[in-house]
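Report on the structure
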Amino acid sequence: LETIPCCMKKEKRAVLWFRQDLRLDDNEALHDALGHSKHIIPVYVFDERLFKGTTYRFGFPKTGKFRAKFILESVADLRRSLQRLGTELVVRVGKPEEIVFNIAREAEASWVFCNRERMKDELFVQDQLEKKLWSIGQELRFSRGKMLYYTADLPFPVSQAPDNFASFRKEVEKMVGVRKPLPTPDSLLPLPSNLPAGNMPALSDFGHAPFKADPRATTDFKGGETEAKERLHEFVWQSAGIKHYATQRNSLLDENASSKLSPWLAQGCISPKTLFHEVALRAKEEKGTDGAQDFVTELLRRDFLRLMGKKHGNCIFNKGGIQRRPDRTLTNDSSLFMRWAEGRTGAPFIDANMRELNMTGYISYRGRLNTAVFLSKELKVNWLMGAEYFESLLLDYDACSNYGNWNALMGVGSDPREERSLNILAQSRRYDPKGEFIRLWLPELAALPDDRVHWPHAMSDGEQRSFGLTVGDDYPLALANLSR
Ligand SMILES: Cc1cc2nc3c(=O)[nH]c(=O)nc-3n(C[C@H](O)[C@H](O)[C@H](O)COP(=O)(O)OP(=O)(O)OC[C@H]3O[C@@H](n4cnc5c(N)ncnc54)[C@H](O)[C@@H]3O)c2cc1C
């Protein structure tokens, strides 16, 4: 890299390593880096292990096509925003601990700044990078940009955080305020002229063919901070989303029933603090709504699962979870698993949800709950297969939220009382009363009347003929009898 001109000799440089914080607004690491140096080198590395590798146990693509595309869009948006401020985003593909290290060494940076991550893949990378930087007298400085509440503001150390959400919420909400979002810089100095910014990779570089969004998707999930702000505006101000959140959030077809902000939150395109303050503003105008309160509770649940991940470590990824109590009756039956994954179980509510996931990368909380319980309680299949499948496909995959929720449902989470057994047929009738969601994703059942679409197996042969459907031929026989 170019030698630093004499007039700048005393100015130290800082590398800003973007990770799952792909935004400029309220970005702790950016703010901290600017507090130390005006000469910032912003870098993003597509980690080849995450974008080209497979999940640990069952070999699904580690980052499926929906999330890969979303992240590419988010990084491109970040690059455009940095260009508007006068600089560039350095983009590379490879191992961040090597690439960020080389850039920091060659630029003679004094520090690398990044937002701290908590779980195993990310910890491995940040630990390796830190060791390498120490070896040349440079430092990795961590900021905390992920949560609604700063751990430093919590009324307990992470190691003593309450293990159940109700107590956690009670202790936190009444004692701690949510800090204001940090300001966004107006301009930044350009990169050293001999540091090439690098080209953006294409989806095909990660082994995925280009694809078009399924028109049935509730939401057009396009990555980036710009899109995140638009989605927030739509949910909070332009629609009645937040107002009716408390009563409508389980609706399966309405885009504004819930925020659909999870993919942007997971990649850090928007911060939970920003959401909190925007929602609070709306609630003030509306003179308070239950919707705002319930929405903030979910952001708090996200914090809680993150703290549980930190407190209990990698056991959330094991069959026995935080409780270390594996259910040994669960099997790795791949044919049952494939029927579940492909949406061919013969349980329409489950199949509709799994096909939505396969075609869009998103399913609702209700969908996740029912499909997870069906896999483990009805099919008796190892829940880790389901969790890894979600990890691969979900647009909003987040290690703590995904494995934390699976732990809770399986009764092996921090609070074992959360274990769920559900009447899936009753759930189907309650949350999709007219069968519209099922018919949308299972066109083979489109002709069935409302009282048959949830459980076509109850129809006689004659009735099936009258609707032009043969169960076992046009639609699979049921793997589990949900009507018992
Ligand atoms: C088996 C299972 C796996 C899950 N995996 C993930 C995951 O990988 N990533 C993820 O973000 N969420 C996960 N969830 C939680 C939840 O389903 C999604 O956060 C939610 O459906 C996202 O839609 P939304 O943005 O419209 O949520 P909203 O209802 O609008 O909620 C607002 C935000 O709060 C957070 N949130 C809401 N519910 C939960 C919850 N139960 N746990 C943690 N955070 C929550 C999300 O960040 C969400 O965007 C999982 C739930 C289950 C049951």
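Above this text is the structure in question.
These remarks concern the structure in this document. (Residues numbered from 1 in each chain as written. Predicted model: local features only at pLDDT ≥ 70, side-chain atom pairs only at ≥ 80, totals over all residues. Heavy atoms only, no water.)

**Some words on the overall build of the chain**
Along its length, the chain carries 20 helices and five strands. What you see for the chain is a C-alpha radius of gyration of 24 Å, in line with the 23 Å of a compact globule of 484 residues. When the backbone C-alpha atoms are referred to their principal axes, the chain occupies close to 90 × 50 × 45 Å. Going through the 484 residues of the chain one by one, you find that 56% of them count as buried. Taking the average place of the 70 positive charges on the side chains of the chain and the average place of its 65 negative ones, the gap between the two points comes to 3 Å. (Helix = DSSP H or I, 4+ residues; strand = E, 2+ residues; numbered from the N terminus. Rg over C-alpha atoms; globule rule 2.2 N^0.38 Å. Buried < 20%, exposed > 50% of the residue type's maximum accessible area, 1.4 Å probe, protein only. Lys, Arg positive; Asp, Glu negative; His and termini not counted. Charge placed at Lys NZ, Arg CZ, Asp CG, Glu CD.)

**Looking at the site of the ligand**
For the ligand, the set of nearby residues contains 28 residues, the closest of which are Tyr 245, Ser 258, Ser 259, Lys 260 and Tyr 362. Here an oxygen atom of the ligand sits 2.8 Å away from a polar atom, N or O, in the side chain of Tyr 362. Broken down by secondary-structure element, the contributors of at least two residues to the shell around the ligand are helix 9 (262-266), helix 11 (290-312), helix 14 (365-378) and helix 16 (399-409). (Near = heavy atom within 4 Å. Polar contact = N/O pair within 3.5 Å; in protein donor to acceptor, adjacent residues only side chain to side chain.)

**A word on helix 10 (residues 272-285)**
In a regular helix each residue adds 1.5 Å, so 14 residues correspond to 20 Å; helix 10 covers 20 Å between its end C-alpha atoms and thus fits that length. Taken together, the buried positions of helix 10 are Pro 272, Lys 273, Thr 274, Leu 275, Phe 276, His 277, Val 279, Arg 282 and Ala 283. Those residues of helix 10 hidden inside the fold are in contact with helix 1 (28-36), helix 7 (225-238), helix 9 and helix 11. Trailing helix 10 by a residue or two, Lys 287 shows a phi angle of about 60 degrees, which is positive. (Expected span 1.5 Å × (residues − 1). Contact = heavy atoms within 4.5 Å.)

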